[in-house]
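# Descriptive analysis of the structure
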Amino acid sequence: MRGQILTFDADTGGGLISGDDGNRYAFSALDVRGDMPAVGSSVDFVAAEGYAREVIGLASASPAPAPQAAPVTVDYTGEDLSLWAYFVRAVTQRYADGNGRARRKEFWGFTLFAYLFLIVPILLCWVAAASIDPSMESDASAGVFMVGFFVFCLFGLALIIPSIVVQVRRLHDVGMSGWLYLLGFVPFGGVFLFVVALMPSQQQTNQYGPVPTPRPYGGI
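Attention now moves to the overall build of the protein. Across its full length, the protein holds four helices and six strands. The order of helices and strands in the protein, counted from the N terminus, is β-β-β-β-β-β-α-α-α-α. Overall, the protein is about 115 × 35 × 30 Å in size when its C-alpha atoms are taken along their principal axes. The buried share of the protein, taken over its 220 residues, is 30%. Summarising the internal contacts of the protein: among those between residues at least 6 apart in sequence, 57% fall at separations of at least 24. Carbon and sulfur atoms form 66% of the exposed surface of the protein, whose accessible area is close to 13200 Å².

Okay, structure coming up:
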């Protein structure tokens, strides 16, 4: 039977073993074969009317080596463009490219100039229309304002796709799925996307690509 040594008194040479059957068995040092096992050690013994005979210590299994953590691959793209350059690339080379990652600087560079291209034309046309007729009731002022509104709609339509894919790449940069972009269509989902836009890049290569910053990381 197998069991575990509960106690052992070196002065009296006796102790107790807890057997696998739930019972306790007294034993003497004279019943031990080989070296005396330490308290808490597993032993094999012969049960005989409440006593343990032929007590043999069992070698404890060597602890399994702790699994080695897989090395984290860290690499950087090395790019550090200006805000304007990030915007130009987003509306040209990467117009509909949702692959890879976009750092905060890229996301906010695109957002800044996208809003400028939307707001400035309609604002200029509004000022021009107001200078023609402050009441904005004449055909001339209305026509000028409508030109600004038309340009606003034109730019708005042109920026829909790059605005989506930049947001998708921003999600990738923090290690999230680009499908989370759809949360922007549910209540308070826009708050989540805004928080993501403020988060720093994951500082290792993830499933979407290397860190889109110079080495070492020193930008936003």
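Turning next to the packing of aromatic side chains. For the coordinates displayed, the defined rule picks out 13 aromatic pairs. Judged by centre distance (6.4 Å) and plane angle (25°), the ring pair of F149 and F152 falls under stacked. One end of the pair, F149, and the other, F152, are both in helix α3 (residues 139–173), three residues apart, so they sit about a helical turn from each other. By relative accessible area, which is 30% here, F152 ends up partly exposed. Here a set of aromatic residues connected by ring pairs shows up, and it is made of W84, F87, F110, F113, F117 and F155.

The next point concerns the state of the cysteines. If you walk through the whole model with that rule in mind, you get zero disulfides. We note that C125 lacks a disulfide partner, and the nearest cysteine sulfur, in C153, lies 12 Å from it. Residue class for C125 comes out buried when judged on its relative accessible area of 15%.

Before going further, it helps to spend a moment on the nonpolar core. Grouped together as the largest cluster of nonpolar side chains are ten residues: F87, A90, F107, F110, F113, A114, L118, L159, V166 and A197. At the level of elements, α1 (83–91), α2 (104–132) and α3 are the ones that each hand at least two residues to this core. Tallying contributions element by element places α2 first for this core, with five residues. Non-local contacts of F110, meaning those with residues more than four positions away in its chain, are made with F87, A90, V91, L159, P162, S163 and V166. Within the second largest apolar cluster, nine residues are counted, among which are I17, F27, V43 and V55.

Moving on to the pairing of strand β5 (residues 42–48). Here strand β1 (residues 2–9) pairs with β5 via three bridges, running antiparallel. Looking at the pairing, Q4 lines up with S42 of β5. Summarising the sheet, β5 and strand β6 (residues 51–57) pair through five bridges and their orientation is antiparallel. Across the sheet, the residue bridging to V43 is G57, located in β6.

Let's shift gears to the pattern of salt bridges. Scanning the model with the defined rule gives ten salt bridges in all. Residues D31 and R53 are paired through a salt bridge, measuring 3.3 Å at the closest nitrogen-oxygen approach. Remark: R53 occurs in strand β6 and D31 occurs in the loop between β3 (24–28) and β4 (32–33); sequence separation between them is 22 residues. Owing to a relative accessible area of 13%, D31 belongs among the buried residues under this scheme. On the accessibility criterion, R53 (35% relative accessible area) is partly exposed. One salt bridge connects R101 with D173, and the closest N-O pair in it is separated by 2.9 Å. Taken together, the positions of R101 in the loop between α1 and α2 and D173 in helix α3 put the pair 72 residues apart, joining distant regions of the chain.

Moving on, we come to the pairing of β6. Successive side chains on a regular strand alternate, one facing one side of the sheet and the next facing the other. Taken together, the two bridges between β4 and β6 define a ladder with parallel strand orientation. Each residue of the ladder has a partner; that of V32, found in β6, is V55. A loop of two residues connects β5 with β6, the two strands running antiparallel in sequence, and E49 in this loop sits at a positive phi of about 50°.

Parameters and conventions
- Residues numbered from 1 in each chain as written.
- Predicted model: local features only at pLDDT ≥ 70, side-chain atom pairs only at ≥ 80, totals over all residues.
- Heavy atoms only, no water.
- Helix = DSSP H or I, 4+ residues; strand = E, 2+ residues; numbered from the N terminus.
- Buried < 20%, exposed > 50% of the residue type's maximum accessible area, 1.4 Å probe, protein only.
- Contact = heavy atoms within 4.5 Å.
- Areas by Shrake-Rupley, 256 points an atom, 1.4 Å probe, with all protein chains shown as cover.
- Phe/Tyr/Trp six-rings, centres within 6.5 Å; stacked < 30°, edge-to-face > 60°.
- Disulfide = S-S within 2.5 Å.
- Core = buried A, V, L, I, M, F, W, Y, C linked by side-chain atoms within 4.5 Å.
- Pairing = 2+ DSSP bridges.
- Salt bridge = Lys/Arg side-chain N within 4 Å of Asp/Glu carboxyl O.

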